[in-house]
Amino acid sequence: MRLAVFASGNGSNFQAIADSIIRDKYAELVILICDKECYAMERASKLDIPHYLLDKSKKRNEYEQDVLEVLKEHNVDFIALAGYMNIIGTTLLDAYENKIINIHPSLLPKYRGLHALERAFENQDTEIGITIHYVDKGIDTGKIIAQASIPNDGETLEKLEEKIHALEHKLYVKTLKGLLK
Ligand code: GRF
């Protein structure tokens, strides 16, 4: 399977996915797509993975047509969103039905949308977790594939964030291995 990762930020999940694919060869990581200059692009560059920065200052369907063109050029079969700060529209959803997944830092259906981890922390939830789900038209509403959590036992938000990221990297790799092999 030929995988594309979409990212908008630090790209630590992209890095974890790339490292695991290089190590275990369960898929081909063919491209990284970004909608803004971000550290994920630098990571791709170091790994010699083709990366594209696409201009999203146009209508969503036009932007997604550009994305689609790049995906087709690289014969992409499957897409993993990893900190990609954009809603996926019908152009991509129709072209990749049930083939786009996302990682979200909450135990969905709780805390859809932005600042999910902060909200769980502020509410003093006893379990803090993450979800990997299929992407549909809604925001973080698609079918859940996998979840994992850690106890929230009085640590700082920074420490929890660190742990949540480590958990994300593990669960994303494990899930992709299962789906793509
Ligand atoms: C992760 O916390 C993920 O759950 C969310 O965005 C963050 C991306 O982190 N969707 P990174 O860019 O992979 O480091």
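Residues numbered from 1 in each chain as written. Predicted model: local features only at pLDDT ≥ 70, side-chain atom pairs only at ≥ 80, totals over all residues. Heavy atoms only, no water.

### Quick notes on the site of the ligand
Every residue near the ligand is listed here: N10, G11, S12, N13, G83, I103, H104, P105, H165 and E168. G11 places a polar main-chain atom, nitrogen or oxygen, 2.7 Å from an oxygen atom of the ligand. The protein chains hide 84% of the 370 Å² of surface that the ligand would expose on its own. Spatially, the ligand is embedded in the largest pocket. Put simply, the parts of the chain that give the shell around the ligand at least two residues each are helix 1 (12-24), strand 5 (100-104) and helix 6 (157-180). Of the residues in the shell around the ligand, the class split is 2 nonpolar, 7 polar and 1 charged. (Near = heavy atom within 4 Å. Polar contact = N/O pair within 3.5 Å; in protein donor to acceptor, adjacent residues only side chain to side chain. Areas by Shrake-Rupley, 256 points an atom, 1.4 Å probe, with all protein chains shown as cover. 1 Å grid on protein atoms, 1.4 Å probe; cavity = no way out; pocket = protein on both sides within 12 Å on 5 of 7 lines; lining within 4 Å. Sits in = over half its atoms within 2 Å of the grid points. Helix = DSSP H or I, 4+ residues; strand = E, 2+ residues; numbered from the N terminus. Nonpolar A, V, L, I, M, F, W, Y, C, P; charged D, E, K, R; others polar.)

### Digging into the pattern of salt bridges
Applying the stated rule across the entire model yields 8 salt bridges. Its salt-bridge partner being R2, residue E28 comes within 3.3 Å of it at the nearest N-O pair. Of this pair, E28 sits in strand 2 (residues 28-34) while R2 sits in strand 1 (residues 2-7), and the two are 26 residues apart along the sequence. Using a relative accessible area of 24% as the deciding quantity, one classes R2 as partly exposed. One salt bridge connects D35 with K56, and the closest N-O pair in it is separated by 3.0 Å. Of this pair, D35 sits in the loop between strand 2 and helix 2 (39-47) while K56 sits in the loop between strand 3 (51-53) and helix 3 (60-73); the two residues are 21 residues apart in sequence, bridging distant segments of the chain. In this structure K56 comes out as partly exposed when scored by relative accessible area, which is 35%. A single network of salt bridges, built from pairs that share partners, joins R23, D24 and K177. (Salt bridge = Lys/Arg side-chain N within 4 Å of Asp/Glu carboxyl O. Buried < 20%, exposed > 50% of the residue type's maximum accessible area, 1.4 Å probe, protein only.)

### Describing the packing of aromatic side chains
The geometry of an aromatic ring pair comes down to the distance between the two centres and the angle between the two planes. In the structure shown here, the tally under the stated rule is 1 aromatic pair. Between F6 and Y84, the aromatic rings sit 5.1 Å apart at their centres with planes inclined by 75°, giving edge-to-face as the arrangement. Of this pair, F6 sits in strand 1 while Y84 sits in the loop between strand 4 (78-81) and helix 4 (90-95), and the two are 78 residues apart along the sequence. The class for F6 is buried, based on a relative accessible area of 0%. (Phe/Tyr/Trp six-rings, centres within 6.5 Å; stacked < 30°, edge-to-face > 60°.)

### Section: helix 3
Between its first and last C-alpha, helix 3 extends 20 Å over 14 residues, near the 20 Å set by a 1.5 Å rise per residue. Every buried residue of helix 3 is accounted for by Y63, E64, V67, L68, V70 and L71. Buried positions in helix 3, seen along its axis, are confined to an arc of 160° and lie on one side of it. Every exposed residue of helix 3 that faces more than 90 degrees away from the buried side is listed here: E69 and E73. Looking at the packing, one finds that the buried side of helix 3 touches strand 1, strand 2, strand 3, strand 4 and helix 4. N75 sits one or two residues past helix 3 and shows a positive phi near 50°. (Expected span 1.5 Å × (residues − 1). Arc of directions from axis to C-beta. Contact = heavy atoms within 4.5 Å.)

### Thoughts on the sheet that holds strand 4
In spatial order, the strands read 3-2-1-4-5-6-7; together these 7 strands make up an open sheet with mixed pairing. Strands at the two margins of the open sheet, each flanked by one partner only, are strand 3 and strand 7 (144-151). Within the sheet, the average angular offset between the axes of one strand and its neighbour, ignoring direction, is 20°. Judged from the 6 bridges that link them, strand 1 and strand 2 form a sheet pairing that is parallel. The residue of strand 2 that forms the bridge with F6 is I33. Running over the sheet, helix 6 touches strand 1, strand 4, strand 5, strand 6 (127-134) and strand 7 and is turned about 150° from strand 7. (Pairing = 2+ DSSP bridges. Axes fitted to C-alpha atoms, helices over the stretch in contact; angles between N-to-C directions.)

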